[in-house]
Amino acid sequence: MEVERTKLRGLSPLDRPRSPAELRVRQLRARDMLRGDLEGADLDEYVESRVLTTTLERAQSWARGNSLFPATFGLACCAIEMMSMVSARYDTSRFGAEVFRASPRQADMLILSGRVSIKMAPVVRRIYDQMLEPKWVLSMGACSSSGGMFANYAVVQGADKFLPVDIHIPGCPPRPEALIYGILKLQRKVFGDPDLGWRERYRAGGTEEGRRPWKAGALPVERVGSAPAAGIVTGHGQPGAAQLDAPVGHPQLTGHEARDAYEEAEEDEPAAGPRPAVGWRDDA
Amino acid sequence: MNPTTRAPDYADTVRTPEELGRDAIGRTEAQVIGTSPIERTAIEREEELFTINMGPHHPATHGVLRLLVSLEGEVVRDLKPVMGYVHTGIEKSCEDKSYWKAIPFIERMDYLAYYSNMAAFCGAAETLLDLEIPPRAAWLRILHLELNRIHSHLVGLGTSALDLGAISMFWYCFRERDTILDLFEMSSGQRMHTRYFQVGGVAEDIPVGFARKVREFCALMPGRIAEYEALLDHNEIFLQRMKDVGIVPRERLLELGVTGPLLRAAGEPWDLRKVEHALPYADFEFDVPIGTVGDNWDRYRVRLAEMRESVRIIEQAVDGLPEGSWIADERHVVLPPRHELATSMEALIQHFKLVTEGFRVPPGEAYFPVEGPRGEYGVFLVADGSAKPARVHMRDPSFVNLQALREMCVGGYVADLIANLAMLDPILGGIDR
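Residues numbered from 1 in each chain as written. Chains lettered and ligands numbered in written order. Predicted model: local features only at pLDDT ≥ 70, side-chain atom pairs only at ≥ 80, totals over all residues.

1. A look at the overall build of chain A
Of regular secondary structure, chain A possesses nine helices and three strands. Secondary structure elements of chain A occur, N-terminal to C-terminal, as α-α-α-α-β-α-β-α-β-α-α-α. Every one of the 284 residues in chain A was classed for burial, and the buried ones make up 33%. A separation of at least 24 residues holds for 74% of the contacts in chain A among residues at least 6 apart in sequence. (Helix = DSSP H or I, 4+ residues; strand = E, 2+ residues; numbered from the N terminus. Buried ≥ 20, exposed ≤ 12 C-beta atoms within 10 Å, placed from the backbone. Contact = placed C-beta atoms within 7 Å.)

Here it is in structure tokens:
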């Protein structure tokens, strides 16, 4: 039997029954299944219709990405637009990121909303350190991304000088829509499916900072997945991170195509050793 | 901080035993806290002072303010603000920029009163240049300044109510705030930090339909203010947190140099719009609301009344908006119209010189104050004859008003500190600059 191994993103794990009668039928079938009364084709049909298999990691990141808890942490002008993001017009609760937590220990997303002065940088770093893993950082606006217009003695020229930043949002200040867009991009990253960064888009693999330059004549190895636009990848243990460095045998493919090819190849050759207990069922 | 290891400048704030039990207006502890045994448990007389650190990351400090609070039980005995966590070096950065490129820096000081910042800076530069702005520009400035005042008060009210537990106010205030930001976006293209004012007038004339939108807003806003009052004025929790809390007498506020709604709530009718002013506020009919007691309740009431008066001013400004140019016809200061660049060599040269070097300002000093949402925004400008200012200083009301925080809080509960700070409505970007 072909068990569909699919991503959880975009799927509701439970589709609601349409009527009480239908619910009753489902309950009875579930009872039969649990008793072991269903066999053969019946069981396969039941499993196909009712069970969605995935890996625990994917289910976890699906849940995490859809309930990001930002820290109540405003720095300057951008903080006002960050508050607007929660307000009724923009309503970031549509994306599950509206519950601002006053304590960094209850938050998993730090929005650096404003200029980070040199006096504030250790405080920001301490707040980041107090947050529990997994955690993500959004750098909102020009100041915290690069120092912005304040190229002077007082402002840290980019918050990624002292903590890992996942998403940079341009603007001075960014509109609330821009911030929500950044949060959606972060969600993609949390789901383990980061969007194309500029290196992927322009086929500039191998230009990462600190890498050895490519030898003349050698083909650059395409990389699966991608770094975010700023090129700063902090794995934070999301499932996509393991794939980031895996070279594939299709150098002409990029981005999503390459990842699909990689996944297909993986399916063709099951990993050695025992299969994971969760999400797998031996073929009949 | 251990009370035994206080810094020397902290020593003068220690009060004598007779003073210790009294608040800023000399009320005894029994009058403030009460006499019943349950109320008295808030004070543990035998305990030594316990100093806690509030901020710089605290959701109720309205920014990155840090407060060292000395508590005796639950009662605030001393308070010391520590600032500089969002110090941006704006005043220094302005010295590196030509006059018209410094305006975006000035805007980002008090980030809820960007029009006031701009008006003060442009006014100071115009004073030095001896430049008269056309009446349409002056009226447009007043229109936007008053919209900005409502916007700032809305954010202040929404977040203050949020701090006191009334989250609905936040939604409603931000709903109206967004309609104001739509107007800003319509006239300038940006929601915040619009850089709409510039030396010589305003950047652009208002677009078609702006006046209609403003009138719609003016028709809508008084009803919305009435809704806020209906929500808060009879709310027992809100009343208890506001009434008779944080009183500072008028004389003390004047000594401290406090301006704005804080001072007017204490009964002093000081408003720069009513004294002689470079902007033609004299052509407008409006009142200056004042309070009587000077507690948080008066501060809240004064701000609501000010929003009503601002709506009146906006209505008059949009109805009586003079025709004419929106920027002075001074080609040595003002960019030539865009269409002239294609046909006139002189305009092209003028444009090039202004964009690359900027205009030169004759040597001198000027101070230009504007009544903003928090009080007196004043820019002190020193020019040395070059195209860049020699010194830019902003007299920011949040910075001066913050001095009153200690007087407001000492002798009261630590919970009232939150209410006091919310009604003080400081903007840390303006304090630290």
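2. Description of the overall build of chain B
When you go through chain B residue by residue, the secondary structure sums to 19 helices and eight strands. Relative to the compact-globule value of 22 Å for 433 residues, chain B shows a C-alpha radius of gyration of 23 Å, a close match. Within chain B, the proportion of its 433 residues that are buried is 50%. Here the contacts in chain B between residues at least 6 apart in sequence split such that 69% fall between residues at least 24 apart. (Rg over C-alpha atoms; globule rule 2.2 N^0.38 Å.)

3. Details of the interface of chain B and chain A
Taken together, the contact pairs 27 residues of chain B with 30 residues of chain A. If you list the elements that add at least two residues to the side of chain B that touches chain A, you get α5 (90-94), α6 (99-107) and α9 (167-188) of chain B. Ranked by the residues each element gives to the side of chain B that touches chain A, the list is headed by α9(B), at four residues. Among the residues forming the side of chain B that touches chain A, the class breakdown is 13 nonpolar, nine polar and five charged. (Nonpolar A, V, L, I, M, F, W, Y, C, P; charged D, E, K, R; others polar.)

4. Examining the confidence of the model for chain A
All names here are of chain A. Per-residue confidence for chain A averages 73 on the pLDDT scale, and 62% of its residues sit at or above 70. Predicted confidence is poor over residues 1-14, with pLDDT under 50, and the contacts of this stretch with residues over four places away or in other chains come to 18 contacts. Counting contacts from residues 273-284, a segment whose pLDDT is below 50, to residues more than four positions away or on other chains yields 10 contacts. (pLDDT = per-residue confidence, 0-100.)

5. With respect to the sheet that holds strand β2 (residues 136-140) of chain A
Residue and element names in this part refer to chain A. Strand order across the open sheet formed by three strands is β1-β2-β3, with parallel pairing between neighbours. A strand with exactly one partner marks an edge of an open sheet, and here the two such strands are β1 (109-113) and β3 (167-169). Ignoring strand direction, the axes of neighbouring strands in this sheet form an average angle of 15 degrees. Where β1 lies against β2, five bridges are found, and the strand directions are parallel. (Pairing = 2+ DSSP bridges. Axes fitted to C-alpha atoms, helices over the stretch in contact; angles between N-to-C directions.)

6. Quick word on the packing of helix α8 (residues 135-163) of chain B against helix α18 (residues 414-424) of chain B
Residue and element names in this part refer to chain B. At a minimum axis separation of 9 Å, α8 and α18 run at an interaxial angle of 175 degrees. As far as their axial angle goes, α18 and α8 are roughly antiparallel. Every residue of α18 that contacts α8 at Thr-159, Ser-160 and Asp-163 is listed here: Ile-418, Ala-422 and Met-423. Of the residues contributing to the contact of α8 with α18, the split by class is three nonpolar, two polar and one charged. (Parallel < 35°, antiparallel > 145°, perpendicular 65-115°, else oblique.)

7. So, the domain arrangement of chain A
Quoted interface sizes are often the accessible area lost when the parts come together. Partitioning chain A into structural domains gives domain 1 (20-53), domain 2 (65-189) and domain 3 (192-210 + 219-269). Between the C-alpha centres of domain 1 of chain A and domain 2 of chain A there is a distance of 46 Å. (Domains from an automatic or database assignment.)

8. Focus: the domain arrangement of chain B
Residue and element names in this part refer to chain B. What the domain assignment lists for chain B is domain 1 (3-82) and domain 2 (90-328 + 360-432). At the junction of the two partners, domain 1 supplies 21 residues and domain 2 supplies 23 residues. Breaking the side of domain 1 that touches domain 2 down by element, the ones donating at least two residues are β2 (66-72) and β3 (75-82). Looking at which element gives the most residues to the side of domain 1 that touches domain 2, the answer is β3, with six residues.

9. Concerning helix α3 (residues 56-65) of chain A
Every α-helical turn comprises 3.6 residues, leaving residues that sit three or four positions apart pointing alike. All names here are of chain A. Here α3 has its buried residues at Arg-58, Ser-61, Trp-62 and Gly-65. What you see down the axis of α3 is that its buried residues fit within an arc of 105 degrees, all on one side. Structural note: α3 exposes Leu-56 and Ala-63 on the side pointing more than 90 degrees away from its buried face. (Arc of directions from axis to C-beta.)

10. So, the nonpolar core
Ranked by internal contacts, the top residues of the largest apolar core, which has 170 residues, are Leu110(A), Leu112(A), Leu138(A), Phe121(B) and Ala125(B). Considering each element in turn, this core owes the most residues, 13 residues, to α8(B). Among all residues touching Phe121(B), those that are not within four sequence positions of it are Ala102(B), Ile103(B), Ile106(B) and Val379(B). (Core = buried A, V, L, I, M, F, W, Y, C linked by C-beta atoms within 7 Å.)

11. A closer look at unusual backbone geometry
Following Glu133(A), the chain continues into Pro134(A) via a peptide bond in cis, with omega recorded as -10 degrees. Looking at the secondary structure, you find Pro134(A) in the loop between α5 (121-130) and β2. Cis geometry is found at the peptide bond from Cys172(A) to Pro173(A), where omega equals -15 degrees. You can see Pro173(A) is positioned in the loop between β3 and α7 (176-190). Phi is positive for Asp244(B), close to 60 degrees, though the residue is something other than glycine. Position of Asp244(B) among the secondary structure elements: in the loop between α11 (236-242) and α12 (250-256). A tally of 16 C-beta atoms within 10 Å means that Asp244(B) is categorised as partly exposed. A positive phi angle, close to 55 degrees, is found at Asp425(B), a residue other than glycine.

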